[in-house]
Amino acid sequence: MEDASIQSVPYPTIKRYPAYLQVLKELKSTGITTVSARDIAERLGLNQVQVRKDLGYSAIIGRPKVGYDIEQLTSALHQLLGWQDPKEAFLIGAGALGSALLGYRGFQEYGLDIVAAFDLDPSKHNTAIHGKKVFPMERVPELAKRMGVLIAVLTVPESAAQECADLLIQAGIRGIWSFSPCKIEVPDNVVVQREELSAGLAVLSVRLSEMLKHENNGPSAPV
Ligand SMILES: NC(=O)c1ccc[n+]([C@@H]2O[C@H](COP(=O)([O-])OP(=O)(O)OC[C@H]3O[C@@H](n4cnc5c(N)ncnc54)[C@H](O)[C@@H]3O)[C@@H](O)[C@H]2O)c1
């Protein structure tokens, strides 16, 4: 396999890789060993030219009439995404959303291992949520340094987001996956990725209302 670098891959392509990996996983579980770009495209409702282009960054070459080797492609995409060895992360804000994320075991597969949670609320300190211990916020710097943790998942109220981010950055955190619905100011050497479930919900809502409108108008009359 040639050496491929994620630096050259456009963000929209990176965003599609998890869906490709899901298709590869499903096919593999049924004993299938190869897949074409066309098959992936059809399963995901995408354009096959786009899929082929996206997979081209992986340096895995599909064979004519056979397609891509699923094992090789999976491993190449994992490597591109840096998912082959999960990175440890802290979760900040062990409330409703934070607790749900702590309970999700699937992040390991996506290269993320949430090893501990932190919260302002003393009633949560020294408890465990889904087996993950909750620490006071004051312990972030010491534990981040000792464990070499560079990533934090931020699930605090909007009003606390910037203050928490500042503390995290001072503690050496370099990547913040933020669920708080606000912009966070960070220095150039820190990456923030904001997550917004409402973006998907907005698309669902519009598509559903378009579909219902179409159904209520009935099929167009024959000419
Ligand atoms: N992006 C999304 O799609 C999405 C979806 C749901 C919720 N959210 C956001 O996630 C955040 C959390 O929502 P929730 O429903 O879990 O709220 P929640 O009130 O249940 O939990 C928030 C937690 O943060 C803790 N906290 C508050 N201030 C803190 C501070 N300064 N330092 C450390 N911990 C602190 C609280 O004690 C609490 O445990 C909110 O900002 C909400 O808007 C985003």
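Given the structure is predicted, the values throughout are model-derived calculations rather than measurements.

Some remarks on the overall build of the protein
A count of helices and strands for the protein gives 8 helices and 9 strands. Structurally, the protein occupies a C-alpha span of about 65 × 55 × 35 Å along its principal axes. Counting only residues that meet the buried cut, the protein has 22% of its 223 residues in that class. When contacts within the protein are restricted to residue pairs at least 6 apart in sequence, those whose partners lie at least 24 apart make up 55%.

Side note on the site of the ligand
Around the ligand, the surrounding shell holds 25 residues, and the nearest of these are Gly93, Gly95, Leu97, Ala160 and Leu197. Broken down by element, the residue count for the shell around the ligand peaks at 4 residues, all from helix α7 (residues 158-170).

Re helix α3 (residues 48-56)
Taken residue by residue, α3 has Val51, Asp54 and Leu55 as its buried positions. Around the axis of α3, the buried residues are gathered within 95° of arc, so they sit on the same side. Here the buried face of α3 lies against α1 (11-29), α2 (37-44), β2 (68-69) and α4 (70-81).

Things to note about the domain arrangement of the protein
Split into domains, the protein comes out as domain 1 (6-81) and domain 2 (87-196). One C-alpha centre belongs to domain 1, the other to domain 2; they are set 31 Å apart.

Digging into unusual backbone geometry
For residues other than glycine, phi is negative in most cases, and the peptide bonds are mostly trans. Positioned with a positive phi, Lys65 is a non-glycine residue whose angle comes to about 65°. By secondary structure assignment, the location of Lys65 is in the loop between α3 and β2. Although it is not a glycine, His130 adopts a positive phi angle of roughly 50°. Along the chain, His130 falls in the loop between β5 (128-129) and β6 (132-136). The partly exposed category is assigned to His130, around which 14 C-beta atoms lie within 10 Å.

A few points about the environment of Leu24
Topologically, Leu24 is positioned in helix α1. With 45 residues separating them along the chain, Leu24 and Asp69 place their C-alpha atoms 9.7 Å apart.

Brief notes about the UniProt feature "domain: CoA-binding" (unreviewed entry) in the protein
Annotation from UniProt places "domain: CoA-binding" (unreviewed entry) at residues 83-183. Annotated as residues 83-183, this span is 28% helix and 29% strand, and its ends, taken at the C-alpha atoms, are 27 Å apart.

Concerning α4
Spanning 12 residues, α4 covers 16 Å between terminal C-alpha atoms, matching the ideal 16 Å at 1.5 Å per step. For α4, every residue scored as buried is listed here: Leu73, Ala76, Leu77 and Leu80. Down the axis of α4, the buried set is contained in an arc of 95°. They therefore lie on one face. Elements in contact with the buried residues of α4: α1, α3 and β2. At the exit of α4 stands Gly82, carrying a positive phi of roughly 70°.

Quick look at the environment of Val35
Mapped onto the secondary structure, Val35 falls in strand β1 (residues 34-35). Given 22 C-beta atoms within 10 Å, Val35 falls into the buried group. Spatially, the C-alpha atom of Val35 lies 6.7 Å from that of Asp69, the residues being 34 residues apart in sequence. For Val35, the residues in contact, after removing those within four places along its chain, are Leu24, Leu27, Ile40, Gly67, Tyr68 and Ile70.

Procedures and definitions
Residues numbered from 1 in each chain as written. Predicted model: local features only at pLDDT ≥ 70, side-chain atom pairs only at ≥ 80, totals over all residues. Helix = DSSP H or I, 4+ residues; strand = E, 2+ residues; numbered from the N terminus. Buried ≥ 20, exposed ≤ 12 C-beta atoms within 10 Å, placed from the backbone. Contact = placed C-beta atoms within 7 Å. Near = placed C-beta within 6 Å. Arc of directions from axis to C-beta. Domains from an automatic or database assignment. UniProt positions renumbered as here; feature names shortened; annotations may be inferred. Expected span 1.5 Å × (residues − 1).

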